[in-house]
Structure formats: C-alpha cells, structure tokens
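# Secondary and tertiary structure notes
Residue-level listing of the chains:
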Amino acid sequence: MEAALEAARAPGADVPIGAVVFGPDGAPLAAARNARVELGDPTAHAEILALRAAAAVVGDGWRLEGCTLAVTLEPCTMCAGALVLARIARLVFGAWEPKTGAVGSLWDVVRDRRLNHRPEVHGGVLESQCAAVLETYFAIRR
Ligand SMILES: [Zn+2]
C-alpha cells in the first residue's frame, strides 16, 4: 500500500489515485496513477493502467494469477470487473468510496458468487493516509 500511495502522490493532473500490482513472489510488477486527463481516456484509472502494464511484464497472456493489486481507493465497477477478469488473487485497498465503490460500498462485484473468480479482499488498509491524499487534492480545488 505504501507503493500505491507513492504512485498516487506522483505528479499528475487527475485525481491522485495510485495502484500497484505485485507478483506471486511479492515483487512489484507495475505501478500507475490515475491518468484520465493526461491520456484523454475515461478508462485510464490507476488499476486499469497497472493491470495492463503488469500483464505486459508477466508475459503470460492476460492472466495475473497469484498477483496482488494494491490501490489507494476502493475500486469502481469497471476496475473491480477488470481485476476479476485478470484473475488477481488478492485485492488490497485503502480508502472506502461510498459514491462509486464496487468492493462493498455500493456494489460488491469482486465477491459476487455468480462469477467464477473471487479474489481475497482487504479493505481500509492505511485508510487515513490514502484518504488524506484525496482530501488534500480536493481541498486545493474548492
Ligand atoms: Zn476504476
């Protein structure tokens, strides 16, 4: 989560959310920051960018079996769906997102028993530090 926080704090124009994918051995494979503005891409959430980069590094097709995704904010429906499709083994996230969260807040996509893959989930890890990065960003813009 410290690495995801570091990614979130990296310079950028968009909302500071960071994500890191760790391999089965615990070594970081890829890190990314939310970059919708820079890329002009509504799907350029930190999780999606990190999953894409990690899959490119692993070089085993598209599966990220045994991998862990750490992200500073509870994933949205798109990212929750993507990490399930990527076969991420473990999801760790920081702050809860009551407005769009899809890992327990509004929906619970990753633990939907109708899906054939359900990652282990740890929410609220370093929650206050992760929330503080977002609060600082929005405080400056109000
Ligand atoms: Zn998302």
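Reading the values: the criteria
Residues numbered from 1 in each chain as written. Predicted model: local features only at pLDDT ≥ 70, side-chain atom pairs only at ≥ 80, totals over all residues. Heavy atoms only, no water. UniProt positions renumbered as here; feature names shortened; annotations may be inferred. Donors = N, O, S within 2.8 Å, 3.2 Å for Na, K, Ca; no water. Helix = DSSP H or I, 4+ residues; strand = E, 2+ residues; numbered from the N terminus. Buried < 20%, exposed > 50% of the residue type's maximum accessible area, 1.4 Å probe, protein only. Pairing = 2+ DSSP bridges. Contact = heavy atoms within 4.5 Å. Axes fitted to C-alpha atoms, helices over the stretch in contact; angles between N-to-C directions. Disulfide = S-S within 2.5 Å.

The name given to the chain in an unreviewed UniProt entry is tRNA-specific adenosine deaminase, with Amycolatopsis bullii as the source organism. According to the UniProt record, the Subunit (unreviewed entry) comment for the chain is "Homodimer." Per UniProt, the comment on the chain under Catalytic activity (unreviewed entry) is "adenosine(34) in tRNA + H2O + H(+) = inosine(34) in tRNA + NH4(+)".

### A word on the coordination of the zinc ion
Coordination sphere of the zinc ion, protein contribution only: His-45 (ND1), Cys-76 (SG) and Cys-79 (SG), at 2.0 to 2.3 Å. On the primary sequence, the residues serving as donors to the zinc ion are separated as H-x30-C-x2-C. Remark: Cys-76 occurs in the loop between strand E3 (68–73) and helix H4 (77–85) and His-45 occurs in the loop between helix H2 (36–39) and helix H3 (46–58); sequence separation between them is 31 residues. Assigned by exposure class, His-45 and Cys-76 land together as buried.

### Regarding the UniProt feature "active site" (unreviewed entry) in the chain
Mapped onto this numbering, the UniProt entry annotates "active site" (unreviewed entry) at Glu-47. Here Glu-47 is to be found in helix H3.

### What to know about the pairing of strand E2 (residues 28–33)
The sheet contact formed by strand E1 (residues 18–22) and E2 spans 5 bridges and is antiparallel. Within the sheet, the bridge partner assigned to Val-20 lies in E2 and is Ala-31. Turn length for the E1-E2 hairpin, with the two strands adjacent in sequence and antiparallel, is 5 residues, and the turn residue Gly-26 shows positive phi of about 90°.

### A look at the environment of Glu-127
In this fold, Glu-127 is placed in helix H5 (residues 127–141). For the pair formed by Glu-127 and Ala-19, sequence separation is 108 residues and the distance between their alpha carbons is 14 Å. The residues contacting Glu-127, other than those within four sequence positions of it, are Gly-94, Ala-95 and Trp-96.

### Details of the sheet that holds E1
Read from one edge of the open sheet, 5 strands run E2-E1-E3-E4-E5, paired in mixed fashion. Only two strands of the sheet have a single neighbouring strand rather than two, namely E2 and strand E5 (120–122). Going across the sheet, the axis of each strand differs from the next one's by a mean of 15°, ignoring polarity. Packing against the sheet, helix H1 (residues 2–9) makes contact with E1, E2 and E3, and its axis sits at approximately 140° to E1. Each of E1, E2 and E3 is contacted by H3, which is oriented at about 150° to E2, the strand it contacts most.

### Examining the state of the cysteines
As enumerated under the stated definition, the model contains 0 disulfides in all. Left without a disulfide partner, Cys-67 is nearest to the cysteine sulfur of Cys-79, which lies 17 Å away. Owing to a relative accessible area of 2%, Cys-67 belongs among the buried residues under this scheme. Exposure remark for Cys-79: the relative accessible area of 0% places this residue in the buried category.

### A look at H4
Those residues of H4 lying buried are Cys-79, Ala-80, Ala-82, Leu-83 and Val-84. Taken together, the buried residues of H4 touch H3, E3 and strand E4 (90–95). Backbone geometry just downstream of H4 places Arg-87 in the positive-phi region, at approximately 65°.

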